[in-house]
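# Structural characterization, general
This is what each chain is made of:
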Protein chains: 2
Amino acid sequence: MDWKLDESLPIRSQLTERLISLIASSRYGPGDRIPSVRDLASDAGVNPNTMQRALCELEDMGLVVTNRTAGRCVTEDINIIDSFRRKRAREQTEEFLKKMSALGLERNEIKSLLKEALGEDEL
Amino acid sequence: MDWKLDESLPIRSQLTERLISLIASSRYGPGDRIPSVRDLASDAGVNPNTMQRALCELEDMGLVVTNRTAGRCVTEDINIIDSFRRKRAREQTEEFLKKMSALGLERNEIKSLLKEALGEDEL
DNA sequence: TAAACTGTATTATTGCTTTAATACAAAGAT
DNA sequence: ATCTTTGTATTAAAGCAATAATACAGTTTA
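Given the structure is predicted, the values throughout are model-derived calculations rather than measurements.

## Details of unusual backbone geometry
Residue and element names in this part refer to chain A.
- If you check the backbone angles, K4 has positive phi at about 45 degrees while not being a glycine.
- On the secondary structure map, K4 appears in the segment before α1 (11-24).
- Exposure remark for K4: the relative accessible area of 66% places this residue in the exposed category.

This is the structure in structure tokens:
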């Protein structure tokens, strides 16, 4: 997997986002075993310590469950995953609209840009 | 003015974004004199050095013009401001849609969220 | 002309993030 | 039973961002 890390944000934050995305999009499904800290770190090309911290954040959010010596799994509770997904989506929508307002864009312009980006006539 | 700085990003980046917003939304209009580095820094509650660096980024983008000892002004070239505004808006739209895809959302869900956030029946 | 203000430059220090190199205890695998 | 793998913890070092405290040269202003 290409983790596509850059320097615009702390690496740990980027790892956290990526892991969330993997779970939210079901590429790591409910109950699935997650690769070990060391494997993930090696794959992403980062220090195991950094990956460990990212995973701990996921655990704090309740998205993953840790079995001390037997590895980690995605939570089996679909509600947690789905409500998290909805919450995040809502937040990012708000954030997007705020940024557009900050640029002084009107609703019509926003709608127009979205249509264009989605390649649709009717939004 | 409330600069609303947090710790999610480097302060300099946040200052840059805020200044861009002020210009893009015409709160600092074309040709307008910009407050001094020290005044802006004092207002934002940051170190003058940090504000200075943010302003230099704006200058690199061509949004402000510096008159060595006589302060800074917003560029008088409306084209620069407007094309920058459009470019940013496009980028942020792309970014938003990418984030939504990363969460595994379908177009219908995205549309629905946008309608809800904009408080409109028809988007 | 003198004082205040402009952007800019420099140096040092503090704190955070990341990397690095280990170490440990518990469970699984052979 | 031994070896490997698991998550976790610790300590040190390097790099970067932000702050702090100045200093300088040129322009405005009083």
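Anyway, onward from the coordinates.
## Some remarks on the protein's contact with DNA strand D
- Close contacts around DNA strand D come from 20 residues, with R68(A), P10(B), I11(B), T50(B) and T69(B) the closest.
- When atoms of DNA strand D within 4 Å of the protein are sorted by moiety, sugar and phosphate together comprise 68%.
- Contacts to DNA strand D include N49(B), whose side-chain N or O atom sits 3.1 Å from a base nitrogen.
- Among the elements of the structure, α2 (37-44), α3 (48-60) and β3 (71-74) of chain A together with α1 (11-24) and α3 (48-60) of chain B are those that each provide at least two residues to the surface near DNA strand D.

## Some details on the pattern of salt bridges
- Taken as a whole, this structure holds 18 salt bridges over all chains when the rule is applied.
- Of the charged contacts, one joins E57(A) and R12(A) as a salt bridge, the two residues approaching to 2.7 Å between their closest N and O atoms. Taken together, the positions of E57(A) in helix α3 and R12(A) in helix α1 put the pair 45 residues apart, joining distant regions of the chain.
- Several salt bridges converge on common partners, so that one network encompasses D82(A), R85(A), R86(A) and E109(B).

## Comments concerning the pairing of strand β2 (residues 64-67) of chain A
All names here are of chain A.
- The pairing of β2 with β3 spans four bridges and is classified as antiparallel. What sits directly across from T66, in β3, is R72.
- The turn joining β2 and β3, which pair antiparallel and follow one another in sequence, is formed by three residues.

## With respect to the domain arrangement of chain A
All names here are of chain A.
- Per the domain assignment, the segments of chain A are domain 1 (11-77) and domain 2 (79-118).
- Taking the mean C-alpha position of each, domain 1 and domain 2 sit 27 Å from one another.
- Between domain 1 and domain 2, the contact holds 11 residues from the first and six residues from the second.
- Summed over both partners, the interface of domain 1 with domain 2 buries about 780 Å², with 66% contributed by carbon and sulfur atoms.
- Among the residues domain 1 hides against domain 2, the three largest losses belong to A24, L63 and D77. Together they make up 54% of the total.
- Between domain 1 and domain 2 we count one salt bridge in total.
- Salt-bridge contacts for R88 lead to E17; the nearest nitrogen and oxygen are separated by 2.4 Å.

## So, the sheet that holds strand β1 (residues 33-34) of chain A
Residues and elements named next belong to chain A.
- Read from one edge of the open sheet, three strands run β1-β3-β2, paired in antiparallel fashion. At either end of the open sheet lies a strand with only one pairing partner, and these are β1 and β2.
- In the packing of α3 onto the sheet, contacts are made with β2 and β3, and the angle to β2 comes to roughly 115 degrees.

## Concerning the protein's contact with DNA strand C
- As a matter of local geometry, DNA strand C sits amid 21 residues, with P10(A), I11(A), T50(A), T69(A) and R68(B) nearest to it.
- Restricting the count to atoms of DNA strand C within 4 Å of the protein gives a sugar and phosphate share of 67%.
- For DNA strand C, a phosphate oxygen lies 3.1 Å from a polar atom in the backbone of V37(B).
- Side-chain polar atom of N49(B) to a base oxygen of DNA strand C: 3.0 Å apart, as the coordinates give it.
- Looking at the surface near DNA strand C, the elements that each hand over two or more residues are α1 and α3 of chain A together with α2 (37-44), α3 and β3 (71-74) of chain B.
- The greatest single-element share of the surface near DNA strand C, amounting to three residues, is contributed by α3(A).
- Here the residues of the surface near DNA strand C sort into four nonpolar, 10 polar and seven charged.

Conventions used here
Residues numbered from 1 in each chain as written. Chains lettered and ligands numbered in written order. Predicted model: local features only at pLDDT ≥ 70, side-chain atom pairs only at ≥ 80, totals over all residues. Heavy atoms only, no water. Helix = DSSP H or I, 4+ residues; strand = E, 2+ residues; numbered from the N terminus. Buried < 20%, exposed > 50% of the residue type's maximum accessible area, 1.4 Å probe, protein only. Near = heavy atom within 4 Å. Polar contact = N/O pair within 3.5 Å; in protein donor to acceptor, adjacent residues only side chain to side chain. Salt bridge = Lys/Arg side-chain N within 4 Å of Asp/Glu carboxyl O. Pairing = 2+ DSSP bridges. Domains from an automatic or database assignment. Contact = heavy atoms within 4.5 Å. Buried area = accessible area lost by both parts, 1.4 Å probe. Axes fitted to C-alpha atoms, helices over the stretch in contact; angles between N-to-C directions. Nonpolar A, V, L, I, M, F, W, Y, C, P; charged D, E, K, R; others polar.

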